[in-house]
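An overview of the molecular structure
For reference, the chains in residue letters:
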Amino acid sequence: QVQLVESGGGLVQPGASLRLSCAASGSDFIFRLNTMGWYRQAPGKQRELIASITINHNTYYENPVTGRFTISRDNTKRTVYLQMNSLKPEDTGVYYCNFAPVPRDDNWGQGTQVTVSS
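This section reports on the structure supplied with the text. Since this is a predicted model, take the numbers as computed values, not measurements. (Residues numbered from 1 in each chain as written. Predicted model: local features only at pLDDT ≥ 70, side-chain atom pairs only at ≥ 80, totals over all residues. Heavy atoms only, no water.)

1. Some details on the overall build of the protein chain
Helix and strand counts for the protein chain stand at one helix and 10 strands. Helices and strands appear in the protein chain in the N-to-C order β-β-β-α-β-β-β-β-β-β-β. Computed over its C-alpha atoms, the radius of gyration of the protein chain comes to 13 Å, within 12% of the 13 Å expected for a compact globule of 118 residues. Dimensions of the protein chain, computed from C-alpha atoms along their principal axes, come out at roughly 40 × 25 × 20 Å. In the protein chain, buried positions account for 42% of the 118 residues. Considering only contacts in the protein chain between residues 6 or more positions apart, those separated by 24 or more positions represent 55%. Of the roughly 6100 Å² of accessible surface on the protein chain, 47% is carried by carbon and sulfur atoms. When the 11 positive and 9 negative side-chain charges of the protein chain are each reduced to one mean point, those points stand 5 Å apart. (Helix = DSSP H or I, 4+ residues; strand = E, 2+ residues; numbered from the N terminus. Rg over C-alpha atoms; globule rule 2.2 N^0.38 Å. Buried < 20%, exposed > 50% of the residue type's maximum accessible area, 1.4 Å probe, protein only. Contact = heavy atoms within 4.5 Å. Areas by Shrake-Rupley, 256 points an atom, 1.4 Å probe, with all protein chains shown as cover. Lys, Arg positive; Asp, Glu negative; His and termini not counted. Charge placed at Lys NZ, Arg CZ, Asp CG, Glu CD.)

2. A look at the side chain of Thr92
Examined against the element boundaries, Thr92 turns out to sit in the loop between strand 8 (79-84) and strand 9 (93-99). A polar atom in the side chain of Thr92 sits 2.9 Å from the backbone oxygen of Pro89. Once residues lying within four places of it in the same chain are set aside, the contact partners of Thr92 are Ala42, Pro43, Gln113, Val114, Thr115 and Val116. (Polar contact = N/O pair within 3.5 Å; in protein donor to acceptor, adjacent residues only side chain to side chain.)

3. Quick look at the sheet that holds strand 1 (residues 2-7)
Across the sheet, four strands lie side by side as 1-3-8-7; this open sheet has antiparallel pairing. Looking at the sheet topology across the chains shown, the edges are occupied by strand 1 and strand 7 (69-74). Across the sheet, the axes of successive neighbouring strands diverge by a mean angle of 15°, strand direction being ignored. (Pairing = 2+ DSSP bridges. Axes fitted to C-alpha atoms, helices over the stretch in contact; angles between N-to-C directions.)

4. A closer look at a nonpolar patch on the surface
Taken together, the side chains of Phe29, Leu33 and Ile55 make up a nonpolar region of the molecular surface, amounting to roughly 310 Å² of accessible area. Relative to the helices and strands, Leu33 is located in the loop between helix 1 (28-32) and strand 4 (36-41). (Patch = residues over 30% accessible without salt bridge, like charges linked within 9 Å, V, L, I, M, F, W, Y side chains within 5 Å. Salt bridge = Lys/Arg side-chain N within 4 Å of Asp/Glu carboxyl O.)

Listed below in structure tokens is the structure:
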């Protein structure tokens, strides 16, 4: 079993940057051997996968964040990161991490709120 805790969100102006972190506790084995992803739930919308990283550090991004967001992982720290640059108001939402591309229902955390507004 793995527990995931997101952090790093906040209120920023358009064009700013944020770095989100997702710390995993529990089974190191499970974390290391699975693709991890960042999901976003915008106001009034369903939660969606926006970026993922495999155990070999291959990455995938949805079009709206390509070129602006970078996902990475540090297996020694059991942490997944999301570097977000050039933030836009449409990036506003609650950000979660979970396994990818199929998230596990038991692993949803509380998420971290990102608000981009002038």
